[in-house]
Amino acid sequence: MPDGSGHMQPYLAQALDASSTFAGAGVGWIDALRRAGADAYGEHGLPRRRDEYWRYTNLNALLDESFKLSETVPAIGLPTLPHPSVAGLATYRVVLVNGRVQPKLCALDGMPDGVLISGLEDLLAAAPDRLEPYLGQIAPLEDMPMAALNTAFLQDGMAIFIGENIVLDKPVHLISITAPGEGAMMVQPRHIVVLGPKAEATLIETHITATGGSSFNNIVTELQLAEGAKLNHFVFQEEADTSVHLSGTAVSLAAGSFYDSFVLQSGAAIGRSEIRAYLNGPGVDCRLDGVYLGTGKQVVDNTTYVEHAAPECRSRQVYKGVLDGQARGVFQGKVHVMRDAQKTDGHQLSRALLLSPRAEIDARPELEIYADDVKCSHGATAGELDEDSLFYLLSRGIPRTTARRMLIEAFLSEAIAEIPLLAVAEDFSTHVRQWLTGHIDQQADGAGT
C-alpha cells in the first residue's frame, strides 16, 4: 500500500479497519493515541535502508507475504521452555499466545499490596485512566516507525505497576508464544512497566514459536523508572526461522534509578532488538548488554540509543556475537550526551566472531557529545577465531571441535558472566553450548582434528 510519496505502508489498512473493535475504542485519549500511531506510520511507511537506523536491515520479507493480524488464539498448553533453570524459578507468570494474554496459563496469585500485573486489554477496557499518564509517553513514534505501527494496533499485552518502596519478591516471567496457522500471521503486543520511587523488580522475557508457519511479531515495551527504582530485564529470543521478530524498547530513567538489560538473540529469520534509554535525572546507571548467535541467512540486529540528559550518569553497552554461514549481524549504538550532562561516563563495545567467510557484521558505534566534562569511549572489533590460541589447544592434544567450542564459549562467557541472576546466566550459557552443538560442531568435525 504505497502513499503519495512512494512509501510502503503495509498493514496500516488492517489497523484502521480493526481499531473500532479494540478495547478502549471510544475513549478519547486512546483513540487519539492509535490515530497518532497510524498517522506517523502513514507518513514514514515501512523502514527502508535509507533510514538511518535501518540501513543494515532489509524488511522486504514483510512485503513478500501478506501477514494478517491474528484473530484467533489456538487452545494450547504451556510448552516446555528452552531454559530449565528459569522455568524452575518461582515467578509471576504472564503468558501471551499470538499477542493475547491467556489467563488460564498465567500465574499471578499472591501479589503484594501495591503491585498490579494485568493484561493490557483488560486495563484498556476497565481502567483506562490508570494507563493514560504512561502509555505512549516514551517511544518516539517519529523515530520508531515500527512502534508507530504497533501503536495503531494497540490492543493487548502486559501491564505492570509497582508502588513506591516495593521490592517485588519474585521475578515476572513474560512468555510470548507465536502459533501461526495456515496463513502468514502478525501480532502486535504492547507492554508497559511502571516502577515507583525506590521500587525494585526483575523481568524475564521468553519469545518462542509453537507451530510452523510464517509469523511477524512486532513488540513495543515502555518502561518508566521513578527516582531510585531498579529493574533487571532479561530477554531470550528463540523464535522459528520462519518468523520476523522486531522488538522496540523505550525506557525513561529518573534520578538515581538503575536499569540492567541483557538480550540473547538466536532465533528468527530477522531478529531485531532496538533499545532507547533516556537518562533524565542525575545519578542514573544504565547497562545494555547482549549476545547474538546467527547461522544460515539470519539477520540479527541490535540497535541502541542512549541519551544522557542529566549530569553524573553512567551507561555501559557490551554486545558480542558469533556468526556462521551467511548470517549477518548488526550493531548500531549511539550515545548522545546533551549540554547539561556534565560528568557523564559512557562506554560501548561491539565484538563479533565470524566463523565463515560469508558471514558479515555491520557495526556502527557512535558518540555525539555536547558537554565538555565527560568520559566516553566506543569500539568495534570483528574477526575469526584466534589461530594462535587454536593452535595452542590443538598442540595440547585437544580435538579441533572441542578447541573451537572452548574459544567461542570463552568469548561469550565474559558477557554472560555479568548477568546477576544465576538461573538466567546458567540458561544462557546452556543455550550457547546447545547452539554450538547444533550449528558448529559438525563443521568442525568435517575439518578434521
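Above this note sits the structure.
As the structure is a computational prediction, the values presented were derived from the model and not from experiment.

This part is about the packing of aromatic side chains. Tallied over the full model, the rule gives eight aromatic pairs. Ring centres 6.4 Å apart and planes at 65° place the aromatic pair Tyr11 and Phe67 in the edge-to-face group. With Tyr11 in the segment before helix H1 (12–18) and Phe67 in the loop between helix H3 (61–64) and strand E1 (68–69), the pair connects residues that are 56 residues apart, well separated along the chain. The exposure class of Phe67 is buried, given its relative accessible area of 2%. Feature note: the residues Tyr11, Phe67 and Phe216 constitute an aromatic cluster, connected by ring pairs. Sitting above the plane of the Tyr92 ring, Lys170 keeps its charged end 4.3 Å from the centroid. Sitting over the ring of Phe411, Lys320 keeps its end group 5.0 Å from the ring centre.

Ranked by size, the top nonpolar core spans 39 residues in total, and within it Ile162, Leu195, Leu225 and Tyr259 carry the most contacts. Not counting residues within four places of it along the chain, the set of residues in contact with Tyr259 comprises Leu223, Leu225, Leu231, His233, Thr249, Val251, Leu253, Asp285, Cys286, Arg287 and Leu288. In this structure, Phe22, Leu69, Ala148 and Phe216 belong to the second largest nonpolar core, which totals 36 residues.

Attention now moves to unusual backbone geometry. Even without being glycine, Lys198 reaches a positive phi, approximately 60°. The topology assignment puts Lys198 in the loop between strand E8 (190–195) and strand E9 (200–209). By relative accessible area, which is 55% here, Lys198 ends up exposed. One non-glycine residue, Ala268, lies in the positive phi region at around 75°. With respect to the helices and strands, the residue Ala268 is situated in the loop between strand E13 (258–265) and strand E14 (270–279). Ala268 sits in the buried class, given a relative accessible area of 1%.

Strand order across the open sheet formed by 10 strands is E3-E2-E6-E9-E11-E13-E15-E17-E19-E21, with mixed pairing between neighbours. Taken across any chain shown, the strands that pair with only one partner, and hence form the sheet edges, are strand E3 (100–101) and strand E21 (374–383). One ladder, built from six bridges, connects strand E2 (residues 92–97) with strand E6 (residues 172–178); its direction is parallel. Within the sheet, the bridge partner assigned to Val95 lies in E6 and is Ile175. Strand contacts of helix H9 (residues 400–416): E13, strand E15 (285–294), strand E17 (314–323) and strand E19 (344–354), with the helix running at about 155° to E17, the strand carrying the most contacts.

On the surface, Glu384, Asp386, Glu387 and Asp388 cluster together to form a negatively charged patch. Inspection of the secondary structure assignment puts Asp386 in the loop between E21 and helix H8 (387–395). For Asp386, a relative accessible area of 41% translates into the label partly exposed.

A few words on the pattern of salt bridges. With the rule as written, the count across this model stands at 18 salt bridges. For the salt bridge of Glu414 with Lys320, the shortest nitrogen-to-oxygen distance reads 2.8 Å. Of the two residues, Glu414 is situated in helix H9 and Lys320 in strand E17; the sequence distance between them amounts to 94 residues. For Glu414, a relative accessible area of 51% puts it in the exposed group.

Rules and cut-offs
- Residues numbered from 1 in each chain as written.
- Predicted model: local features only at pLDDT ≥ 70, side-chain atom pairs only at ≥ 80, totals over all residues.
- Heavy atoms only, no water.
- Phe/Tyr/Trp six-rings, centres within 6.5 Å; stacked < 30°, edge-to-face > 60°.
- Helix = DSSP H or I, 4+ residues; strand = E, 2+ residues; numbered from the N terminus.
- Buried < 20%, exposed > 50% of the residue type's maximum accessible area, 1.4 Å probe, protein only.
- Lys NZ or Arg CZ within 6 Å of the ring centre and 35° of its normal.
- Core = buried A, V, L, I, M, F, W, Y, C linked by side-chain atoms within 4.5 Å.
- Contact = heavy atoms within 4.5 Å.
- Pairing = 2+ DSSP bridges.
- Axes fitted to C-alpha atoms, helices over the stretch in contact; angles between N-to-C directions.
- Patch = residues over 30% accessible without salt bridge, like charges linked within 9 Å, V, L, I, M, F, W, Y side chains within 5 Å.
- Areas by Shrake-Rupley, 256 points an atom, 1.4 Å probe, with all protein chains shown as cover.
- Salt bridge = Lys/Arg side-chain N within 4 Å of Asp/Glu carboxyl O.
- Lys, Arg positive; Asp, Glu negative; His and termini not counted.
- Charge placed at Lys NZ, Arg CZ, Asp CG, Glu CD.

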